[in-house]
Amino acid sequence: MYDGELRTTVVLGSVHFAQHVFRILPPLLPVLALSLGYPLWQLGALVSLYFAGSGFGQAPMGVLADRHDRRLIVPPSVAAMGVGYLVVAAAPRLTDPAAVALVVAGEPLTGGFLVMGAGSLVAGLGASAVHPCGYPLVVANAPPEREGRALGGWGSAAKLGDAAAPLAVAGLVLVAAWHEVFLLFGAVGLCYGAALAPALSAGVVDTRPGGRRAAEAGDPADAVPADRQDYVYPFVALLVFFVARAFSEKGLKSFLPTFLVTAYGYTLVVGEFTLPAESLADVYFTAVFLVAAVTTLVTGWLVDRYDPRAVLVAVFAAATGTLVVLATGRLSPVALLAVLAALGAANWGWVPARDAITSDVAPPAREGRTFGYLHTVSHLFSAVAPVGIGAVAGATSLRESFLVLAAAMVVAVAAVAALFSERVYRSPGADPE
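One structure accompanies this document, and this report is about it. Since we're looking at a predicted model, the values are computed, not measured.

So, how was this worked out
- Residues numbered from 1 in each chain as written.
- Predicted model: local features only at pLDDT ≥ 70, side-chain atom pairs only at ≥ 80, totals over all residues.
- Heavy atoms only, no water.
- Axes fitted to C-alpha atoms, helices over the stretch in contact; angles between N-to-C directions.
- Helix = DSSP H or I, 4+ residues; strand = E, 2+ residues; numbered from the N terminus.
- Parallel < 35°, antiparallel > 145°, perpendicular 65-115°, else oblique.
- Left-handed = near helix turned anticlockwise from the far one by under 90°.
- Contact = heavy atoms within 4.5 Å.
- Nonpolar A, V, L, I, M, F, W, Y, C, P; charged D, E, K, R; others polar.
- 1 Å grid on protein atoms, 1.4 Å probe; cavity = no way out; pocket = protein on both sides within 12 Å on 5 of 7 lines; lining within 4 Å.
- Points joined across faces, edges and corners; volume = space filled by probe spheres on them.
- Buried < 20%, exposed > 50% of the residue type's maximum accessible area, 1.4 Å probe, protein only.
- Core = buried A, V, L, I, M, F, W, Y, C linked by side-chain atoms within 4.5 Å.
- Phe/Tyr/Trp six-rings, centres within 6.5 Å; stacked < 30°, edge-to-face > 60°.
- Polar contact = N/O pair within 3.5 Å; in protein donor to acceptor, adjacent residues only side chain to side chain.
- Salt bridge = Lys/Arg side-chain N within 4 Å of Asp/Glu carboxyl O.
- Expected span 1.5 Å × (residues − 1).
- Arc of directions from axis to C-beta.

Our next topic: the packing of helix α7 (residues 147-172) against helix α14 (residues 351-361). Running from N to C, α7 and α14 point in directions that differ by 125°, and their axes come no closer than 9 Å. Classed by the angle they form, the pair α7 and α14 counts as oblique. Crossing geometry of α7 relative to α14 is assigned as right-handed. Residues Glu147, Gly148, Leu151 and Gly152 of α7 form the contact with α14, whose participating residues are Pro352, Asp355, Ala356, Ser359 and Asp360. When grouped by side-chain class, the residues that make up the contact of α7 with α14 number 3 nonpolar, 3 polar and 3 charged.

A volume near 1,800 Å³ is recorded for the largest pocket. Forming the walls of the largest pocket are 45 residues, and the residues nearest its centre are Pro26, Pro27, Leu29, Lys253 and Ser254. Mapped onto the lining of the largest pocket, the elements with two or more residues apiece are α2 (25-36), α3 (40-67), α7, α10 (232-264), α11 (277-303), α15 (367-382) and α16 (385-395). Grouping the amino acids of the lining of the largest pocket by side-chain chemistry returns 29 nonpolar, 10 polar and 6 charged.

Moving on, we get to helix α6 (residues 130-140). In an α-helix there are 3.6 residues to a turn, and that puts residues three or four apart on one side. Of all 11 residues making up α6, 10 are buried, and the element is well covered by its neighbours. Taken residue by residue, α6 has Val130, His131, Pro132, Cys133, Gly134, Tyr135, Pro136, Leu137, Val138 and Val139 as its buried positions.

One broad trend across soluble globular proteins is that nonpolar side chains are buried collectively. Within the largest apolar cluster, 85 residues are counted, with the highest numbers of intra-cluster contacts made by Phe241, Leu256, Leu323, Leu326 and Phe402. Sorting elements by how many residues they give to this core places α10 first, with 13 residues. Leaving out residues up to four positions away in the same chain, phenylalanine 241 has contacts with Leu312, Phe316, Trp350, Arg354, Ala412, Ala415 and Val416. Formed by 29 residues, the second largest nonpolar core is a distinct cluster that contains Val21, Tyr38, Phe182 and Phe185.

With that settled, consider the packing of aromatic side chains. Scanning all chains against the criterion turns up 18 aromatic pairs. Ring geometry for tyrosine 135 versus tryptophan 154: centroids 5.5 Å apart, planes at 70°, classification edge-to-face. With tyrosine 135 in helix α6 and tryptophan 154 in helix α7, this residue pair connects regions lying 19 residues apart in the sequence. Residue classification places tryptophan 154 among the buried residues on the basis of a relative accessible area of 2%. Centre to centre, the rings of tyrosine 135 and phenylalanine 371 are 4.8 Å apart; their planes meet at 5°, and the pair counts as stacked. Placement of tyrosine 135 in helix α6 and of phenylalanine 371 in helix α15 is noted, with a sequence separation of 236 residues between them.

Turning next to the side chain of threonine 296. Examined against the element boundaries, threonine 296 turns out to sit in helix α11. A polar contact of 2.6 Å, which involves the side chain of threonine 296, links it to the backbone oxygen of alanine 292. In this view, threonine 296 contacts Gly152, Gly155, Ser156, Lys159, Trp348, Gly349 and Pro352; residues no more than four positions away in its chain are not counted.

Next up on the list: the pattern of salt bridges. Taken as a whole and assessed by the stated rule, the structure comprises 11 salt bridges. Linking lysine 250 and glutamate 249 is a salt bridge whose minimum nitrogen-to-oxygen distance equals 3.2 Å. Arginine 309 is the salt-bridge partner of aspartate 307, the closest N and O atoms lying 2.6 Å from each other. Residue class for arginine 309 comes out buried when judged on its relative accessible area of 11%. The structure contains a network of salt bridges with shared partners spanning Asp66, Arg70, Glu367 and Arg369.

Further remarks concern α2. In this model, α2 (12 residues) spans only 14 Å end to end at C-alpha, well below the 16 Å of a helix rising 1.5 Å per residue. For α2, every residue scored as buried is listed here: Leu25, Leu28 and Leu32. For α2, the arc enclosing every buried residue in end-on projection is 60°, short of the 170-degree limit, so these residues lie on one face. In α2, the exposed residues that point more than 90 degrees away from the buried face are Pro30 and Leu34.

Here's what the structure looks like:
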């Protein structure tokens, strides 16, 4: 790997890592519940506001990313993540945390909750620029023969961020109050955003929009290809995949720790020390993403050698089968850990294949908004998954609700498999009819 390519990988990977490690609200909810006494629905609303900002913001950010240099978009957006958390940290000082400021449908909302909600929304809006800007930047700055590995590094950085967020919170809450944790992350976000500005302006990373790069290379491509098999049909197939995948992924993320506690309830005893089932489930959950971080790199290597459609179908089909085993099996502690490792590898390690397909489908002038639209739909649709899966689990069991998630994954596999049909998708290099 050349020095410039390594620097590009580090800079862009750090942006994706930061976006995911900044998802600290879910692991902080137990601390906020004890400290603030807000009802659970309000605490959940803080998380929803963050992901609403992230979801709604990605489509318009994709449009901006196709029109303007990405170095003008990414640093301010990362800094906005920090500003949002600084607002959350300032909530106890800006208003009386116990004073009711508003009543909605009979529910009292305190000033502190409203300020924290506003800060969460701003942080989410800041995070919304990372995907529509980042994916095209990774592809544009990678040699064609190493595109899969570049996407693998980008995806691996995100999984490391997913694993680091709960660990960072677990350590920080031992020495700091909840608002001090937000203050620290807010300050880091501001400083990191400021550092990104010169890093992306140094000429090492090509930050131009795809349409401008194509025009300067003497290849002004149409915004939307006339043949629907070149963009419209494969975009719809990818949309189905993103939606089905979003449903299964958010449902699994929301209930996997609870499933491990209720379905298995294993504890770890070392001498006189006992790790309770709830804590062991969190350890297992972190391990899932650490395995995914490594597997993502391997998948990137495979994408550089094989058709990304075949890679995605194979890996995601394996994820579906692994989830069925988890939902229906009666596993020993060792077997459970092995199945969870396989689930982490297969269910979260395929991302470079998906992103390579999306990059192939997206015209240069629409690459940012293509990623933005797909991620916006997936973020917004996934919001119903925890509610729906929770309802199924309440009526039946978590095991049966996990089979519903597996059914959604079958739909996602079928959507990608449809891309092998030339009636749906004419892959790059294929001869036109």
